[in-house]
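One letter stands for each residue in the lines below.
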Amino acid sequence: MMLYRAVIRPVASFASPLQSDTLFGAFCWSYRYGYGEEGLTELLEAVKTGTQQVIFSNAFPEGALPLPLGIRDTAADFELIGAKEERKKAYESHKKLKSAKYVTREWFRKIQEGDYAGFSAGLCDERVAEQSVVHNMVSRREGIVRKTDESGSLYESDEFFPANGCRYDVYILSSLPEDRLRTVVDMMFLLGIGRDKSTGKGGFEVEQWHEERELLTCRRCNGFVALSNFIPAQNDPTEGRYKTLVKYGKLDREYAMSETPFKKPMIFLQAGAVFADPQVKLHYGRCVTGVSVVDGVVTNAQTIAAPMWLELG
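Residues numbered from 1 in each chain as written. Predicted model: local features only at pLDDT ≥ 70, side-chain atom pairs only at ≥ 80, totals over all residues. Heavy atoms only, no water.

Quick look at the environment of lysine 201
For clarity, the cut-off: Labels follow the DSSP assignment, with helices taken as runs of H or I lasting at least four residues and strands as runs of E lasting at least two, numbered in each case from the N terminus. Should any heavy atoms of two residues lie within 4.5 Å, those residues are counted as being in contact. Two N or O atoms count as a polar contact when they lie within 3.5 Å, although within protein this holds only if one can serve as hydrogen donor and the other as acceptor, and sequence-adjacent residues are included solely when both atoms are side-chain atoms.
In this structure, lysine 201 sits in the loop between helix H4 (178-191) and strand E10 (204-211). As for lysine 201 and leucine 191, which are separated by ten residues in sequence, their C-alpha atoms are 9.5 Å apart. Lysine 201 has contacts with Ser13, Phe14, Glu159, Gly192, Arg195 and Asp196, leaving out every residue within four places of it along the chain. A polar contact of 3.2 Å, which involves the side chain of lysine 201, links it to the side chain of serine 13.

Things to note about the layout of surface pockets
Rule in force here: Only protein atoms enter the 1 Å grid, on which a cavity is a set of points fitting a 1.4 Å probe that cannot get out and a pocket is an open set with protein on both sides within 12 Å along at least 5 of 7 lines, lining residues being those with an atom within 4 Å of a point. Grid points are joined across faces, edges and corners, and a volume is the space filled by probe spheres set on the points. Gly falls in the polar group here, along with every residue not listed as nonpolar (Ala, Val, Leu, Ile, Met, Phe, Trp, Tyr, Cys, Pro) or charged (Asp, Glu, Lys, Arg).
Its volume calculated, the second largest pocket comes out at about 820 Å³. Residue lining of the second largest pocket: 35 residues in total, with Lys101, Tyr102, Glu126, Gln270 and Ala271 positioned closest to the centre. Every element with two or more residues in the lining of the second largest pocket is listed here: strand E3 (60-61), helix H2 (84-99) and strand E7 (128-136). Of the residues in the lining of the second largest pocket, the class split is 23 nonpolar, seven polar and five charged.

Some points on the pattern of salt bridges
The condition is simple: Any carboxyl oxygen of Asp or Glu within 4 Å of a side-chain nitrogen of Lys or Arg constitutes a salt bridge here. Here's how the labels work: a residue is buried when its accessible area is under 20% of the maximum for its type, exposed when over 50%, partly exposed in between, all with a 1.4 Å probe on protein chains only.
According to the stated counting rule, one finds 17 salt bridges in the structure shown. A salt bridge links lysine 101 to glutamate 126; the shortest N-O distance between them is 3.1 Å. With a gap of 25 residues between them, lysine 101 in the loop between H2 and strand E5 (102-104) and glutamate 126 in the loop between strand E6 (123-124) and E7 connect regions that are remote in the sequence. Of the residues examined, glutamate 126 reaches a relative accessible area of 29% and is grouped as partly exposed. A salt bridge links lysine 197 to aspartate 252, with the shortest nitrogen-to-oxygen separation between them at 3.0 Å. Of this pair, lysine 197 sits in the loop between H4 and E10 while aspartate 252 is found in the loop between strand E13 (244-247) and strand E14 (266-269), placing the two residues 55 residues apart along the sequence. Members of the salt-bridge network, linked through shared partners, are Arg5, Arg105, Arg109, Asp169, Glu212 and Glu214.

This is how it looks when you write it as structure tokens:
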């Protein structure tokens, strides 16, 4: 298997978080368009059995990666610093660390090798603004807006507006031939990711494509950090630190107009989770079936695993 990094540029706002399971769903639709229903069925069977893999990371701001959960910046340990000004700086870094999600790639590599001191200097922000947008409710039967009450049937939904020049890194661990993988990935981002694609939301352009070898190497490791949201498999390691996320998924494209478009709720562990494992594998988690009343729907709840040295205890 090979790990690739796609650098994508948004060409519009987007209405769904760029998370690993959403990206895999978009990939499957594009694969179906290119290789037919039979081709997609074969791919999904291979992914479920592990004979082939297509695992996406979450999308991260360009040049950033998820901050491993629960690590401590010893250089910002303000209780042990005597000078008042230095303690103030360390305290501000500590506050910033509580809400941080990302760290620069350079610091991530240091953290992988067990060098935690000073990583607070490499924290990154989202580079995207989340805003509520007001919409009219359209009748599914008539395709028009009907005023049913004083509010005019208005509702709000969240959209993400990236900063000017913002780009994202998406990592893909796959055993597919590179040319096939690249063709489908280009198509999926062009067609749009997530909700409201039909109104122009969620379009991206793949600007760069790289083979990625560095992130899967580490001089010493006793655990891993998850680059994707995932649901652990039965035999996955259990000693670690993580945050959970409940997802209420929905079917896409023509299935979205069915009588039952919603998937069953699922509890994911968020990207940035860390687990101890003396024999780190390339990926963890599992494919989840039976998530919808529609036959054949699969959620790929696996994660790419970046090896790292954990300070345990």
